[in-house]
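Here is how the chains run, residue by residue.
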Protein chains: 2
Amino acid sequence: MPPRMIDVARRANVALSTVSYAINGQRAVSEETRRRIRQAMDELGYQPNALARGLASKHTNILALLFPTPERGLGVTEMEFVVGAADAAREHGYHLVLSPSELRNVRDLEQLTGQGLIDGALVMEVRIDDDRVQLLEQAGVPFSMIGRTSDPGRIDYADIDFEQTTRDAVGHLVELGHRCIGFLNHSPSAFSVGYGPTVRASEGFRRAAATADVVHVERLCGDNAAAGQAAFHEMRAAQPDITALIVMNERAIVGVMDALDEIGWRVPDDLSIVSMVSSTRVTEMMRPKLTTLEPPSTQLGRLGIQMLLDQIDGGAGERAPVQELLPCRLVIGASSGPPPAR
Amino acid sequence: MPPRMIDVARRANVALSTVSYAINGQRAVSEETRRRIRQAMDELGYQPNALARGLASKHTNILALLFPTPERGLGVTEMEFVVGAADAAREHGYHLVLSPSELRNVRDLEQLTGQGLIDGALVMEVRIDDDRVQLLEQAGVPFSMIGRTSDPGRIDYADIDFEQTTRDAVGHLVELGHRCIGFLNHSPSAFSVGYGPTVRASEGFRRAAATADVVHVERLCGDNAAAGQAAFHEMRAAQPDITALIVMNERAIVGVMDALDEIGWRVPDDLSIVSMVSSTRVTEMMRPKLTTLEPPSTQLGRLGIQMLLDQIDGGAGERAPVQELLPCRLVIGASSGPPPAR
DNA sequence: TTGTAGGCGTTATCAT
DNA sequence: ATGATAACGCCTACAA
């Protein structure tokens, strides 16, 4: 039996409604009254009941974070999204509920939105063509995305700038003198379900390589060592002159290393490696420490929440959609250097 | 304007209360009536309003996950906790709010519990002496812990069995023939604030080594490569005969590798390494692939929620506290082998 | 087995 | 500037 608003009102000798107004500032309250109310609140240790407040006011101060658990599992980068989003939400006085909805289970999402529990949603791991997005639009739930669909229209999103990132990766290697560069992407299945990073990085790489007028080769590759190993051998068979490799597939990297051992190549002497869109937290643990294009994960999470709140607080007014692409940060490690003189 | 319960009632030609009872099964409803109600619900796409339900029934079906963001950052293991907890909560029809409360900010926690928003809390990253625990007890909020305080009393918890895990690590090495084993722990600061794993693994290691009658040496070590490198040199200075190293500090490992390079040692020929309480997801990326004692992270998360729900649903009846210690799984990699014949 | 009505703790619309 | 008082949508004795 925690104190209720009426208890505060009585103790401060004012009406219930006055307390309510004093708390959420919807109308003027005299300084003296406000003081008495505050005092009463402190003495009672009063805190407004979130449910009652929500029921009456039609907004709950609760946001949902929609994250599917992808086949490849969740890593450090995803954790950073989550932490960034959670922090940002808290700073704005919002709660964040974690909603591990599988993409297939549209039911779960309907349930979530139908309960009237959330004011909006932040959608993670958005696919090129994502059911959840349609559903949220229909449901009229405010939402924003980390990642984006093929045609985001007027939907707010924050995403990694894959175009820029691949260009930076290629640029770094070209500057070092490389003229034949490989790209090891995520799995064929990620590509075929339209996983955004896989698709966009693929396009970006081709374009960047073409622009730099560099010989290039790409492989889709399962997220495991064996696949990485096989893929590298294939790439080398296709392009024997390969001297550098961009990898957007952390777990395949070690397989590449194994492949290099087999042919007696060393990093970066015989092959430069750049790890794209992975956390330095992880790539620093590899030897040699990998040159990395590190995504602004925490910032993306924060930005996602920010966009969402702008949307909610901003009312239904016609705002321009906020759509931002953030670059990855190039962290030069010991895995990239000049090409060998073969 | 979503449909309300009264709409369902009218459409099914029954009283409002009958719908309510039909939904939450608090009293018998005839099969025919129930059928009509269900049909009406389907046709209207009705879903009970979570807030109204909570306000009236005094329980919200919302749980909180309390996770501080430790100095060393959050990794794969922590992510797995979270995913496990979120999944388990969803399966039981509960929502999970992520509450990134810093340990220092007891205010945030008070706010959370005072709002009447949550039915209970799962506390992550529990310290030997943790303010949050006291606060939750005072607040009368049901909660359980992943990890445990020095004296958990009757509080439910699930934790890693560090005693067993260190014993397994030492045992694995002793079986291979090692007689002088080092232990690289987390940072001095983690130890001094009473971070459970650091403290308990330290004790466990000493005991296991003593029992196995093995020469041993331990170092606390910052979570970074440089610290790991320095620490290994120190250990070797203290125990030149060291042939094996147990590490509970993922980020220090690469520093150890660097140190080994400096003295021309190889893994596992000159030194065996076992990584304790880290995800194989990470240790598989190292070369050689590390022998690992992998924590049952997802299971711990699930278990934490399970305990919490038992507590909540079980009512205030006197239950025996559920306190479980789970072992890590030994995954043998390529980093451990027989000691060198020096 | 079904219906009636009084809360749950706020917000917000009326007055005053 | 402040007070009363309907909602908000549901749950649950209590009555029938």
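The preceding data block contains the structure.
Everything quoted here is computed from the prediction, not taken from an experiment.

Criteria and thresholds
Residues numbered from 1 in each chain as written. Chains lettered and ligands numbered in written order. Predicted model: local features only at pLDDT ≥ 70, side-chain atom pairs only at ≥ 80, totals over all residues. Heavy atoms only, no water. Contact = heavy atoms within 4.5 Å. Buried area = accessible area lost by both parts, 1.4 Å probe. Salt bridge = Lys/Arg side-chain N within 4 Å of Asp/Glu carboxyl O. Polar contact = N/O pair within 3.5 Å; in protein donor to acceptor, adjacent residues only side chain to side chain. Helix = DSSP H or I, 4+ residues; strand = E, 2+ residues; numbered from the N terminus. 1 Å grid on protein atoms, 1.4 Å probe; cavity = no way out; pocket = protein on both sides within 12 Å on 5 of 7 lines; lining within 4 Å. Points joined across faces, edges and corners; volume = space filled by probe spheres on them. Nonpolar A, V, L, I, M, F, W, Y, C, P; charged D, E, K, R; others polar. Least-squares fit on C-alpha atoms with pLDDT ≥ 70 in both. Disulfide = S-S within 2.5 Å. Buried < 20%, exposed > 50% of the residue type's maximum accessible area, 1.4 Å probe, protein only. Axes fitted to C-alpha atoms, helices over the stretch in contact; angles between N-to-C directions. Parallel < 35°, antiparallel > 145°, perpendicular 65-115°, else oblique. Pairing = 2+ DSSP bridges. Near = heavy atom within 4 Å.

Section: the interface of chain A and chain B
On the side of chain B, 49 residues touch chain A, which itself brings 49 residues to the contact. Interface of chain A and chain B: buried area, both sides summed, is about 4500 Å²; carbon and sulfur atoms make up 65% of it. In terms of surface lost to chain B, no three residues of chain A exceed Leu 51, Met 285 and Arg 287 of chain A, which account for 17% of the buried area on that side. Our count for the contact surface shared by chain A and chain B stands at five salt bridges. Between Arg 287 of chain B and Asp 258 of chain A there is a salt bridge, with the nearest N and O atoms lying 3.2 Å from each other. Taken together, the links from chain A to chain B amount to 18 residue pairs in polar contact (both at pLDDT 80 or more). Going through the elements one at a time, α4 (50-57), α5 (76-91), β2 (95-99), α6 (106-114), α12 (250-263) and α13 (280-283) of chain A are the ones with two or more residues in the side of chain A that touches chain B. If one sorts the elements of the side of chain A that touches chain B by residue count, α5 of chain A sits on top with eight residues.

Regarding the layout of surface pockets
In this model, the second largest pocket occupies a volume close to 1300 Å³. Along the walls of the second largest pocket sit 38 residues, with Pro 2 and Asn 49 of chain A together with Gly 114, Gln 115 and Gly 116 of chain B positioned nearest its centre. Those elements giving two or more residues to the lining of the second largest pocket turn out to be α1 (5-12), α2 (16-24) and α4 of chain A together with α4 (50-57), α6 (106-114) and α7 (131-139) of chain B. A per-element tally of the lining of the second largest pocket places α4 of chain A first, with five residues. For the lining of the second largest pocket, a count of residues per class yields 18 nonpolar, 15 polar and five charged.

Description of the relation of the copies chain A and chain B
Take chain A, turn it by 180°, move it 0.0 Å along the axis, and it overlays chain B with an RMSD of 0.2 Å. Look at the turn and shift together and you get a two-fold axis relating the two. For chain A, the residue whose C-alpha comes nearest the rotation axis is Val 97 of chain A, separated from it by 2.0 Å. Both copies share a contact surface, since 100% of the interface residues of chain A are interface residues in chain B too.

Thoughts on the state of the cysteines
Residues and elements named next belong to chain A. Considering all chains together, one arrives at zero disulfides over all chains under this definition. Cys 180 carries a free sulfur, and the closest cysteine sulfur to it, the one in Cys 221, is 18 Å from it. Taking relative accessible area as the criterion, Cys 221 reaches 2% and is therefore assigned buried.

A closer look at the packing of helix α1 (residues 5-12) of chain B against helix α2 (residues 16-24) of chain B
Residues and elements named next belong to chain B. For the pair α1 and α2, the least separation of the axes is 8 Å and the interaxial angle reads 105°. Relative to α2, the element α1 is oriented roughly perpendicular. Here Met 5, Ile 6, Val 8 and Ala 9 of α1 lie close against α2, whose contacting residues are Leu 16, Val 19, Ser 20 and Ile 23. Residues belonging to the contact of α1 with α2 are distributed by class as follows: seven nonpolar, one polar and no charged.

Focus: the sheet that holds strand β8 (residues 244-247) of chain B
All names here are of chain B. With mixed pairing, the six strands of this open sheet are ordered in space as β7-β6-β8-β9-β10-β12. Single-partner strands in this sheet number two, and they are β7 (215-219) and β12 (329-331). For this sheet, the mean inter-axis angle between neighbouring strands, taken without regard to orientation, is 20°. As defined by bridge partners, strand β9 (residues 272-276) adjoins strand β10 (residues 291-294) across three bridges and the pair is classed as parallel. In the strand pairing of β10, Ser 275 is matched with Thr 292. Helix α10 (residues 196-211) contacts β6 (180-184), β7, β8 and β9 of the sheet and is inclined by roughly 170° relative to β7. Here helix α12 (residues 250-263) sits on the sheet in contact with β6, β8 and β9, set at roughly 170° to β9.

Quick look at the protein's contact with DNA strand D
Within the structure, DNA strand D sits among 28 residues, and Ala 15, Arg 27 and Thr 33 of chain A together with Met 5 and Tyr 46 of chain B are positioned closest to it. Backbone atoms, meaning sugar and phosphate, make up 57% of the atoms of DNA strand D lying within 4 Å of the protein. Met 5 of chain B is positioned such that a nitrogen or oxygen atom in its backbone is 2.6 Å from a phosphate oxygen of DNA strand D. In the environment of DNA strand D, a base nitrogen lies 3.1 Å from a nitrogen or oxygen atom belonging to the side chain of Tyr 21 of chain B. Residue assignment for the surface near DNA strand D shows that the elements contributing at least two residues are α2 and α4 of chain A together with α2 and α4 of chain B. Its residues placed into classes, the surface near DNA strand D shows 12 nonpolar, 11 polar and five charged.

Some details on the protein's contact with DNA strand C
Residues in close proximity to DNA strand C total 29 residues, the closest being Ser 20 and Tyr 21 of chain A together with Ala 15, Arg 27 and Thr 33 of chain B. The sugar-phosphate backbone supplies 55% of the atoms of DNA strand C found within 4 Å of the protein. One of the side-chain nitrogen or oxygen atoms of Tyr 21 of chain A is found 2.7 Å away from a base oxygen of DNA strand C. At a separation of 3.0 Å, a sugar or linking oxygen of DNA strand C approaches a polar side-chain atom of Lys 58 of chain B.

The values are spatial; any link to function lies outside them.
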